[in-house]
Structures are given as structure tokens and as C-alpha cells.
Amino acid sequence: MLKLAAGLIRMLFHDCFVEGCDASVLLDGNDTEKTAPINSNLIGYDVVDDAKQAVEAICPGVVSCSDILAYAARDSTVKLNGTGWTVQGRRRDGLFSCADAAENELPLPTFNVSQLIESFARRGLSKTQMVILSGSHTVGVGHCDKFIERLYNFSATHFTDPSINASYAQQLKKDCPQAIFNTTLEIFMDTITLGEFDANYYKVLSEHKGLFTSDQSLFDDRSTR
Ligand code: HEM
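Computed from a prediction, not measured in an experiment: that's the story for all the values here.

Looking at the pattern of salt bridges
Think of it this way: side chains of opposite charge can pair up when their charged atoms draw near.
Okay, so step 1: One pass over the structure, following the stated rule, counts 11 salt bridges.
Okay, so step 2: The partner of D145 in a salt bridge is K146, and the shortest N-O contact between them spans 3.2 Å.
Okay, so step 3: Classification of K146 as partly exposed rests on a relative accessible area of 28%.
Okay, so step 4: K203 is the partner of E207 in a salt bridge, and the nearest nitrogen-oxygen pair spans 3.5 Å.
Okay, so step 5: Owing to a relative accessible area of 44%, K203 belongs among the partly exposed residues under this scheme.

Next comes the structure, spelled out in C-alpha cells:
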């Protein structure tokens with residue numbers, strides 16, 4: 001349940017950030033958002049498909065896939081003891097989906113604060129909104145390949161990213177060995193409470209245990225702390 005819930009929350013973000021919240025991330029076909037490498041680890045497609053099928057059987061043509069995804073992500077946070085929010089329905093599904101758009105527009109875990117601010121600003125989102133939304137990393141996992149560059153051969157002066165808590169870096173090196181470029185090993189982003197949609201992500205950052213540069217820099221940079 002935790003895995004799927006985290007997957008659906010991430011899926012909503014990846015949908016909304018590209019062409020708006022129009023379920024374009026769900027569309028099959030050549031070169032759709034779904035096929036973009038940045039979306040390769042998204043999970044939860046069948047949950048939305050199953051829900052759509054069930055709703056269509058009762059009232060055909062009324063509830064869009066984008067509404068279903070928005071409700072599913074909200075309900076996922078509630079299942080994980082988060083507070084949830086009111087979702088307004090009546091979104092319309094998009095018919096256009098482009099892999100390059102997902103690849104070019106979604107932020108990367110290697111981004112620094114300026115790149116993150118710019119990326120969210122392009123969607124009309126403020127710094128505060130960005131920091132709040134990033135709190136979703138209180139649930140779910142990151143794969144070793146997404147942050148391995150912070151552990152080994154980081155820079156000319158530091159073998160390991162000095163912004164990572166030293167003992168945590170040691171642990172991460174055990175979990176993500178240098179010899180293997182591992183795309184399947186998963187590390188929980190919030191190591192304090194694994195399955196709770198709470199505020200501990202921010203505590204993790206204050207302890208310098210953020211998994212990605214993009215996470216840790218939100219705490220380390222004065223403008224977003
Ligand atoms: C601020 C810029 C962000 C960056 C650079 C970023 C990047 C990432 C990366 C690299 C992963 C791990 C993917 C993997 O290894 O498979 C991840 C996971 C996740 N992200 Fe983000 N993300 C950002 C913002 C957000 C936002 C705004 C949300 C939700 C509103 C979100 C929700 C999630 C969730 C729930 C997961 C865990 C997914 C799972 O366990 O399957 N992220 N993110």
C-alpha cells in the first residue's frame with residue numbers, strides 16, 4: 001500500500017508539471033510522457049485504469065482520468081495519515097502527450113536551488129509552494145542511481161558531498177556500492193517515519209540526511225530555508 005500511495009502522489013506531480021493536470025502522463029503510444037526516462041519508475045497506472053473502469057460502469061463519460069488521479073493522490077496521503085485537501089473535480093483529459101516535454105520540464109534531483117526556483121516559477125509556483133510540495137518526499141523511495149554522484153568522486157576537493165551527514169553518507173555507501181551502478185536498489189527518503197505523510201522530511205533535511213541535492217539544498221540555501 002505504501003509503495004502504491006507514494007507512486008500515485010509522484011504520478012500526480014509528474015502529470016501536473018507537464019501540460020497541466022490533464023492525465024497526459026497516462027496516455028499510451030510512441031513518445032508519450034509515459035515513455036520518458038524520467039517517468040520510467042512511475043507506478044500506479046493500473047490503479048487509475050481500474051478506478052476509471054469502475055466509475056465508467058456506473059456513470060459513463062462523466063469523471064475524467066485527471067480527476068481520478070487527483071483524488072487518488074489526495075486519498076493516498078490520507079491513507080498515510082496526512083491531512084488531505086479538497087479536490088475540485090471537472091478536469092478535462094488532454095489528448096496530447098510528449099516524452100520530450102516531460103524530460104525537459106520536470107526538475108532533476110541534481111538541481112540546485114536556483115534551478116528549482118526557476119523550474120517551479122515557470123509553472124507559476126512560488127518558492128514557498130515549492131518547499132511545501134517538496135515535503136511529499138516524506139514518503140517513498142529514491143533509487144541509488146539518482147544520487148550516487150553525491151557519494152563517490154563528488155568533486156575535485158571532496159570525494160563525498162560534504163552536505164551529507166558523514167555517518168549517513170557511510171550508510172548510503174553500504175546501501176549503494178560504488179562498483180555497481182544500481183538502478184533497482186531503493187532507499188527511503190524520510191528515514192524517520194517511512195510510511196507517514198508527515199513533516200519529518202524537513203527534520204531529515206535539518207539533519208543533513210536529504211537524499212538528493214535538490215532536497216538538501218532547500219535547507220542549505222538561506223532563500224528557501
Ligand atoms: C522539487 C523537485 C523534485 C525533484 C527534483 C524530484 C525528484 C524525485 C526523484 C529523483 C525521485 C526518486 C525516483 C526514483 O528513484 O525512482 C522522487 C520520488 C518521489 N517524488 Fe519527487 N521530486 C521533486 C518534487 C516532488 C513533488 C513536488 C512531489 C509531489 C507533490 C514529489 C513526489 C515524489 C514521491 C511521492 C516520490 C516517491 C515515489 C515512489 O516511492 O515511488 N516529488 N522525486
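What about the site of the ligand?
Okay, so step 1: Around the ligand, a shell composed of 22 residues is seen, among which N41, H137, G140, V141 and H143 lie nearest.
Okay, so step 2: Between N41 and the ligand, the recorded distance is 2.9 Å, taken from a side-chain N or O atom to an oxygen atom.
Okay, so step 3: Here a nitrogen atom of the ligand and a side-chain polar atom of H137 are 2.9 Å apart.
Okay, so step 4: Where the shell around the ligand is concerned, the elements lending two or more residues are helix 1 (2-16), helix 5 (113-121), helix 6 (127-134) and strand 1 (141-143).
Okay, so step 5: Of the residues that constitute the shell around the ligand, the class distribution is 12 nonpolar, eight polar and two charged.
Okay, so step 6: In terms of domain composition, the shell around the ligand takes at least three residues from each of domain 1 (2-105) and domain 2 (113-220).

Overview of the coordination of the iron atom of the ligand
Okay, so step 1: Here the protein supplies the iron atom of the ligand with just one donor, H137 (NE2), and that contact is 2.1 Å long.
Okay, so step 2: For H137, the position within the fold is in the loop between helix 6 and strand 1.

Focus: the state of the cysteines
Okay, so step 1: A full pass over the atoms with the stated rule returns two disulfides.
Okay, so step 2: Two residues share a disulfide in this structure: C16 and C21, whose sulfurs sit 2.1 Å from each other. Judged by the torsion about the S-S bond (120°), the C16/C21 disulfide is right-handed.
Okay, so step 3: For C16, a relative accessible area of 23% puts it in the partly exposed group.
Okay, so step 4: Judged by relative accessible area, C21 falls into the partly exposed class, the value being 32%.
Okay, so step 5: Here the chain pairs its bonded cysteines, counted in sequence order, in the arrangement 1-2, 3-4.
Okay, so step 6: Cysteine C59 remains unbridged, with the sulfur of C65 as its closest cysteine sulfur at 13 Å.
Okay, so step 7: Of the cysteine sulfurs around C98, a residue in no disulfide, the closest is that of C16, at 17 Å.
Okay, so step 8: Judged by its relative accessible area of 23%, C98 falls in the partly exposed class.

The rules behind the values
- Residues numbered from 1 in each chain as written.
- Predicted model: local features only at pLDDT ≥ 70, side-chain atom pairs only at ≥ 80, totals over all residues.
- Heavy atoms only, no water.
- Salt bridge = Lys/Arg side-chain N within 4 Å of Asp/Glu carboxyl O.
- Buried < 20%, exposed > 50% of the residue type's maximum accessible area, 1.4 Å probe, protein only.
- Near = heavy atom within 4 Å.
- Polar contact = N/O pair within 3.5 Å; in protein donor to acceptor, adjacent residues only side chain to side chain.
- Helix = DSSP H or I, 4+ residues; strand = E, 2+ residues; numbered from the N terminus.
- Nonpolar A, V, L, I, M, F, W, Y, C, P; charged D, E, K, R; others polar.
- Domains from an automatic or database assignment.
- Donors = N, O, S within 2.8 Å, 3.2 Å for Na, K, Ca; no water.
- Disulfide = S-S within 2.5 Å.

So yeah, pure geometry; function would need other evidence.
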